[in-house]
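# Survey of secondary and tertiary structure
Letter by letter, the chains look like this.
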Amino acid sequence: MNNMAVCNYIVGVLGAVIGGLIMQAAAAFPLEFTENGPGPGFWPFTLGAVLGAVSVLLLLYTFINKTDLHGVKVQRVYLMMGLVVVFCVLISILGFYPAAALMIPAVMRLMDYRNYKVIGLTTVLSLLFIYLVFGVLLHTQMPQSVFME
C-alpha cells in the first residue's frame, strides 16, 4: 500500500470520527425547524453529517481505486488540513483575530503566493471585513484568548 493511501485511510477515519462527534454534540441542541428557521443544532449537525459522509466516500474511493495518489497537490491538501487544525487550536489559545492574522498569510503562502504586500493587505482587509460584519453589524462575540477570560 502506498503512502497516500495510508494517509487517505487515516484522514477518512479521523474525519468520520470527528463528523460523528460533531453530530453527537449538535444533537444536544434543538434540531427541528420553527417559524424562525432551523434550531441551533441543525447546521452543526448537518456539517458533521457532511464531514462524515465525505470521509466515508474518501475511504471507499481509496479502497476501490488502488491507484497511487501522490504529488504536490495532494500533499498541499494534507498541509491545509494541518493548518486548519493548528488554526482551531490557536483560536482557543490566542483568540480568533490573532489566529486568523496568522492563518490567512499561511494559507496564501501554502498556495505559493509570494507578494508580501498583497498578503499583508489581504490579511488586514479580511480581518477588518470580519470585524465590521460580525462584530459591528451582527454584534457577534468572536472567540477570545484563554488568557483574557
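Presented here is an overview of the structure given in this document. (Residues numbered from 1 in each chain as written. Predicted model: local features only at pLDDT ≥ 70, side-chain atom pairs only at ≥ 80, totals over all residues. Heavy atoms only, no water.)

Another point: the overall build of the chain. From N to C terminus, the chain includes five helices and two strands. In the chain, the order of α-helices and β-strands from amino to carboxyl end is α-β-β-α-α-α-α. Computed over its C-alpha atoms, the radius of gyration of the chain comes to 19 Å, more than 25% above the 15 Å expected for a compact globule of 149 residues. Principal-axis analysis of the C-alpha atoms gives the chain an extent of 50 × 50 × 30 Å. (Helix = DSSP H or I, 4+ residues; strand = E, 2+ residues; numbered from the N terminus. Rg over C-alpha atoms; globule rule 2.2 N^0.38 Å.)

Once that is clear, we can look at the packing of helix α4 (residues 96-110) against helix α5 (residues 116-137). Contact geometry of α4 with α5 gives a least axis separation of 10 Å together with a crossing angle of 140°. Between α4 and α5 lies a crossing whose hand is right-handed. Between α4, through F96, Y97, A100, A101, I104, P105, M108 and R109, and α5, the contact on the second element is made entirely by Y116, V118, I119, T122, T123, S126, L127, I130 and Y131. (Axes fitted to C-alpha atoms, helices over the stretch in contact; angles between N-to-C directions. Left-handed = near helix turned anticlockwise from the far one by under 90°. Contact = heavy atoms within 4.5 Å.)

On to the packing of aromatic side chains, then. Applying the stated criterion across every chain, the model contains five aromatic pairs. Relative to F42, the ring of F33 lies with its centre 5.0 Å away and its plane at 65°, an arrangement referred to as edge-to-face. F33 gets classed as exposed once you look at its relative accessible area, which sits at 56%. Between the aromatic rings of F42 and W43, the centroid separation amounts to 4.8 Å while the plane-to-plane angle is 80°, which identifies the pairing as edge-to-face. Through pairs of rings, three or more aromatic residues link up here, namely F87, F96, Y97 and Y131. (Phe/Tyr/Trp six-rings, centres within 6.5 Å; stacked < 30°, edge-to-face > 60°. Buried < 20%, exposed > 50% of the residue type's maximum accessible area, 1.4 Å probe, protein only.)

In this section: helix α1 (residues 3-26). Between its first and last C-alpha atoms α1 spans 34 Å; for 24 residues at 1.5 Å apiece the expected length is 34 Å, and the two agree. Along α1, the residues classified as buried are M4, A5, N8, V11, G12, G15, G19 and A26. (Expected span 1.5 Å × (residues − 1).)

Let's shift gears to the side chain of S55. Tracing the chain through its elements places S55 in helix α2 (residues 42-64). For S55, a relative accessible area of 6% gives the class buried. Those residues in contact with S55 that sit more than four places away from it in its chain are V11, G12, G15 and A16.

As far as function goes, none of this settles anything; it's purely spatial.
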